[in-house]
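Each chain is listed here by its residues.
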Amino acid sequence: MEKIQINQDDCVLCDACIDVCTRKLFRRENDLIEVWQDTCSLCGHCKAVCPTDAIDIEGLNPDEFEPAPAKDDIPAPELLLAFFRSRRSTRVYKGSPVEREKLEKIIEAGRFAPTGGNRQPLEYTVIENPEVLGEVRDTCINFHAQNAEIIMASLAEKENRGQSLSEPELAMKQYAESWPWRLQQNKEGIDTLFHHAPALIVIHANTDEAPTPEIDAGIASTQMVLMAESLELGTCYLGFLVGAAQESSEIKDLLGLSEKDKPVVAFVTGYPDVEYLRLVSRNPARVNWI
């Protein structure tokens, strides 16, 4: 059975499917639209653009092809930009857990994000269990604290030889100097990594299936944190956790990842215990108009 089926009785020969298909699977022959090769990537563009819904695609849920929102229902550009700018990294959380329904909506926001070649290689690990969260946090902080000792020793040796540190090395030194403090804070019950957030989401991908996992996960996570914002939740990205998880088999085990699973993006989420009253300010955009 072909992946794509066309109900010829409903087809009005508008050629819209021919125009939008990225793999050029459709052609018009003898006043019929035909599928002449079977290399469909299941993007669904053809079904989404068909005015009579004459196309069925094996492997895609027809119930998910809901009507697109009317243009009047889409936020105005100024309002949408203000919403983007209202999202800030949250590092102060209430103690209440996040409802499973809201976490599922955040995952759905990632699931519907575009991916390279529509491969959809991303997978998600959600940790709500406080004990497991604590184990991941402690292991990550210990990893970075040990790594910091190695970095500091190496940089000190260079300085002892009378060599100046480069800008990247100075930044690395500043990073390394913070981890003994973070380690001590953690021992005192102060969480400077997850900020006592009640839920952690890690986006990962099998490296055999995902040639561009960083791009795919970056797009998905942006939609996810904005969905969280719309659910009155705060989020904070965790580059430190991703870096540690990519090198530490112990952390990967805690996250339930295999050797081929590459953690790409991680963030915590929860109900914020802080209210920001003004939008973010950023450096001017560096644009090269050609």
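I will try to describe carefully the structure that is included in this document. Just so it is clear, the model here is predicted, and its values are computed rather than measured. (Residues numbered from 1 in each chain as written. Predicted model: local features only at pLDDT ≥ 70, side-chain atom pairs only at ≥ 80, totals over all residues. Heavy atoms only, no water.)

1. Points about the overall build of the chain
Move 1: In terms of regular secondary structure, the chain is built from 9 helices and 8 strands.
Move 2: Here the chain has a C-alpha radius of gyration of 24 Å; the compact-globule value for 290 residues is 19 Å, and the former is much larger.
Move 3: For the C-alpha atoms alone, the extent of the chain along its principal axes is close to 80 × 45 × 40 Å.
Move 4: Taken across its 290 residues, the chain has 37% of its residues classed as buried. (Helix = DSSP H or I, 4+ residues; strand = E, 2+ residues; numbered from the N terminus. Rg over C-alpha atoms; globule rule 2.2 N^0.38 Å. Buried < 20%, exposed > 50% of the residue type's maximum accessible area, 1.4 Å probe, protein only.)

2. Notes on the packing of helix α3 (residues 77-86) against helix α7 (residues 213-230)
Move 1: Following both chains from N to C, one finds α3 and α7 inclined at 95 degrees, their axes separated by 10 Å at the closest point. One way to sum up the angle between α3 and α7 is to call them roughly perpendicular. Note on element contacts: α7 touches α3 through Leu226, Glu229 and Ser230, opposite Phe83, Phe84 and Ser86.
Move 2: Taken together, the residues of the contact of α3 with α7 break down into 3 nonpolar, 2 polar and 1 charged. (Axes fitted to C-alpha atoms, helices over the stretch in contact; angles between N-to-C directions. Parallel < 35°, antiparallel > 145°, perpendicular 65-115°, else oblique. Contact = heavy atoms within 4.5 Å. Nonpolar A, V, L, I, M, F, W, Y, C, P; charged D, E, K, R; others polar.)

3. Comments concerning the environment of Val225
Move 1: Tracing the chain through its elements places Val225 in helix α7.
Move 2: The spatial distance from the C-alpha of Val225 to the C-alpha of Val202 is 12 Å, given a sequence separation of 23 residues.
Move 3: Setting aside residues up to four positions removed in sequence, Val225 forms contacts with Arg87, Thr235, Tyr237 and Phe267.

4. Quick word on the layout of surface pockets
To find leftover empty space, one rolls a probe the size of a water molecule over the atoms.
Move 1: Considering only enclosed or pocket space, the largest pocket measures out at about 910 Å³ in volume.
Move 2: Lining the largest pocket are 27 residues; nearest its centre among them are Cys43, Glu64, Phe65, Arg111 and Phe112.
Move 3: Considered class by class, the residues forming the lining of the largest pocket number 12 nonpolar, 11 polar and 4 charged.
Move 4: Roughly 310 Å³ of volume is contained in the second largest pocket.
Move 5: Taken together, 16 residues make up the lining of the second largest pocket; nearest its centre are Glu229, Pro272, Val274, Glu275 and Tyr276.
Move 6: Here the residues of the lining of the second largest pocket sort into 7 nonpolar, 3 polar and 6 charged. (1 Å grid on protein atoms, 1.4 Å probe; cavity = no way out; pocket = protein on both sides within 12 Å on 5 of 7 lines; lining within 4 Å. Points joined across faces, edges and corners; volume = space filled by probe spheres on them.)

5. Brief notes about helix α5 (residues 130-160)
Move 1: The terminal C-alpha atoms of α5 lie 44 Å apart, and with 31 residues this matches the ideal 45 Å at 1.5 Å per residue to within 8%.
Move 2: The N-terminus of α5 is capped by Asn129, whose side-chain oxygen sits 2.8 Å from the backbone nitrogen of Glu131.
Move 3: Following α5 by one or two positions, Gly162 has its phi on the positive side, about 85 degrees. (Expected span 1.5 Å × (residues − 1). Polar contact = N/O pair within 3.5 Å; in protein donor to acceptor, adjacent residues only side chain to side chain.)

6. Digging into the nonpolar core
Move 1: In this structure, Phe194, Leu200, Leu241, Leu255 and Val268 are the most contacted members of the largest nonpolar core, which totals 30 residues.
Move 2: Of the residues forming this core, the biggest block, 9 residues, is contributed by α5.
Move 3: Residues contacting Leu200, with those up to four places away along its chain left out, are Thr125, Val126, Ile127, Leu133, Val136, Phe194, Leu238, Leu241, Leu255, Ala266, Phe267 and Val268.
Move 4: With 23 residues, the next largest nonpolar core counts Leu103, Ala109, Met224 and Val264 among its residues. (Core = buried A, V, L, I, M, F, W, Y, C linked by side-chain atoms within 4.5 Å.)

7. Brief notes about the pairing of strand β8 (residues 261-270)
Move 1: Taking burial as the measure, the 10 residues of β8 include 9 buried ones, the bulk of the element.
Move 2: Pairing between strand β6 (residues 199-206) and β8: 8 bridges, direction antiparallel. When the bridges of β8 are listed, Val202 appears paired with Ala266.
Move 3: Alignment of strand β7 (residues 234-237) against β8, held across 4 bridges, turns out to be antiparallel. Counterpart to Gly234 in the pairing with β8 is Gly270. (Pairing = 2+ DSSP bridges.)

This is a description of form; function is not addressed.
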